[in-house]
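Given next are the chains, with one letter for each unit.
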Amino acid sequence: MILPIEVYGSPTLRAANGEMDAPCPEARKLIDDMFATMYAAEGVGLAAPQVGRNVRLFVVDLTPWADDEPELAGFRRTFVNPEIYERSEEEGFYNEGCLSLPGLHEDVRRPVSIRMRYLDENFAPHDGEFAGRAARVIQHEYDHLEGVVFTDRLSPLRRTLLKGRLAGFPKGKYKAAYRTK
Ligand code: NI
């Protein structure tokens, strides 16, 4: 089932997100719905708070980027209760967008690699290192679990310049090719 996506200004995007405790049918259904919703919106990542569910869960599929980076083919993953415990000192910029901020793209500075513990869709534990664009998307989605959106990470000047644009989202002043809320 395709779910409507919460847009900037929605309290769900700022609320606390609880840990998930078991691979129940509800969790499985939510994961399936999140993948369906992400594909319908042509996104590469989607976090549960973006579909109005305040739990620590996000999904990623980087296959659309495999043309540029062949190793990303089949990078389709579910991350439950993730914990980033190491971030590289080296940082880089990348032009990010977000399904909750339709049409907005900005260069965001982040660590270039991370180490993270997480559970997969079967709640099996993993410990992995991610770099490049995978690290980028994972950190963006992880931020959603902390109530953070990418514009929070821009310079104060850039945020000031975007003030009007951001204020427009809750008023419905945006265009999205997918269902929003
Ligand atoms: Ni996002």
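An account of the accompanying structure is given in this report. (Residues numbered from 1 in each chain as written. Predicted model: local features only at pLDDT ≥ 70, side-chain atom pairs only at ≥ 80, totals over all residues. Heavy atoms only, no water.)

1. Overview of the overall build of the chain
(1) Moving on: A count of helices and strands for the chain gives 4 helices and 7 strands.
(2) Moving on: Secondary structure elements of the chain occur, N-terminal to C-terminal, as α-β-β-β-β-β-β-β-α-α-α.
(3) Moving on: Its C-alpha atoms give the chain a radius of gyration of 16 Å, within 12% of the compact-globule value 16 Å for 181 residues.
(4) Moving on: Its C-alpha atoms put the chain at 45 × 40 × 35 Å along the principal axes.
(5) Moving on: Counting across all 181 residues of the chain, residues that qualify as buried make up 50%.
(6) Moving on: Contacts spanning at least 24 positions in sequence make up 66% of the contacts within the chain whose residues lie at least 6 apart.
(7) Moving on: By element, 50% of the accessible surface of the chain is carried by carbon and sulfur atoms, the whole surface being about 9,200 Å².
(8) Moving on: Of the side-chain charges in the chain, 24 are positive and 28 negative, and the distance between the mean point of each set is 9 Å. (Helix = DSSP H or I, 4+ residues; strand = E, 2+ residues; numbered from the N terminus. Rg over C-alpha atoms; globule rule 2.2 N^0.38 Å. Buried < 20%, exposed > 50% of the residue type's maximum accessible area, 1.4 Å probe, protein only. Contact = heavy atoms within 4.5 Å. Areas by Shrake-Rupley, 256 points an atom, 1.4 Å probe, with all protein chains shown as cover. Lys, Arg positive; Asp, Glu negative; His and termini not counted. Charge placed at Lys NZ, Arg CZ, Asp CG, Glu CD.)

2. What to know about the nonpolar core
One broad rule of soluble globular proteins: the nonpolar side chains tend to lie buried together.
(1) Moving on: Met20, Leu30, Met34, Leu46, Leu57 and Val59 are the most contacted members of the largest nonpolar core, which has 21 residues in total.
(2) Moving on: Secondary structure elements with two or more residues in this core: helix H1 (25-40) and strand E2 (57-61).
(3) Moving on: The element best represented in this core is H1, accounting for 6 residues.
(4) Moving on: Non-local contacts of Leu57, meaning those with residues more than four positions away in its chain, are made with Met20, Leu30, Ile31, Met34, Ala47, Ala48, Thr78, Phe79, Val80 and Leu145.
(5) Moving on: If you look at the next biggest cluster of nonpolar residues, it comprises 20 residues, including Phe75, Met116, Tyr118 and Ile138. (Core = buried A, V, L, I, M, F, W, Y, C linked by side-chain atoms within 4.5 Å.)

3. Section: the environment of Val137
(1) Moving on: Looking at the element boundaries, Val137 is found in helix H2 (residues 132-145).
(2) Moving on: Along the chain, Val137 and Gly45 lie 92 residues apart, while their C-alpha atoms are 6.7 Å from each other.

4. A short note on the side chain of Arg56
(1) Moving on: Relative to the assigned elements, Arg56 resides in the loop between strand E1 (45-47) and E2.
(2) Moving on: Taking the relative accessible area as the measure of exposure, Arg56 reaches 10% and is therefore buried.
(3) Moving on: There is a polar contact of 3.2 Å between the side chain of Arg56 and the backbone oxygen of Pro82.
(4) Moving on: Setting aside anything within four residues of it in sequence, one finds Arg56 in contact with Asn17, Gly18, Glu19, Met20, Phe79, Val80, Asn81, Pro82, Tyr142, Leu145 and Glu146. (Polar contact = N/O pair within 3.5 Å; in protein donor to acceptor, adjacent residues only side chain to side chain.)

5. A few points about the layout of surface pockets
(1) Moving on: Taken as a whole, the largest pocket encloses approximately 450 Å³ of empty space.
(2) Moving on: Elements represented by at least two residues in the lining of the largest pocket include exactly strand E4 (91-96) and H2.
(3) Moving on: A per-element tally of the lining of the largest pocket places H2 first, with 4 residues.
(4) Moving on: Its residues assigned to classes, the lining of the largest pocket comprises 11 nonpolar, 8 polar and 4 charged.
(5) Moving on: Lining the second largest pocket are 16 residues, with Val108, Arg109, Arg110, Pro111 and Arg153 sitting closest to its centre. (1 Å grid on protein atoms, 1.4 Å probe; cavity = no way out; pocket = protein on both sides within 12 Å on 5 of 7 lines; lining within 4 Å. Points joined across faces, edges and corners; volume = space filled by probe spheres on them. Nonpolar A, V, L, I, M, F, W, Y, C, P; charged D, E, K, R; others polar.)

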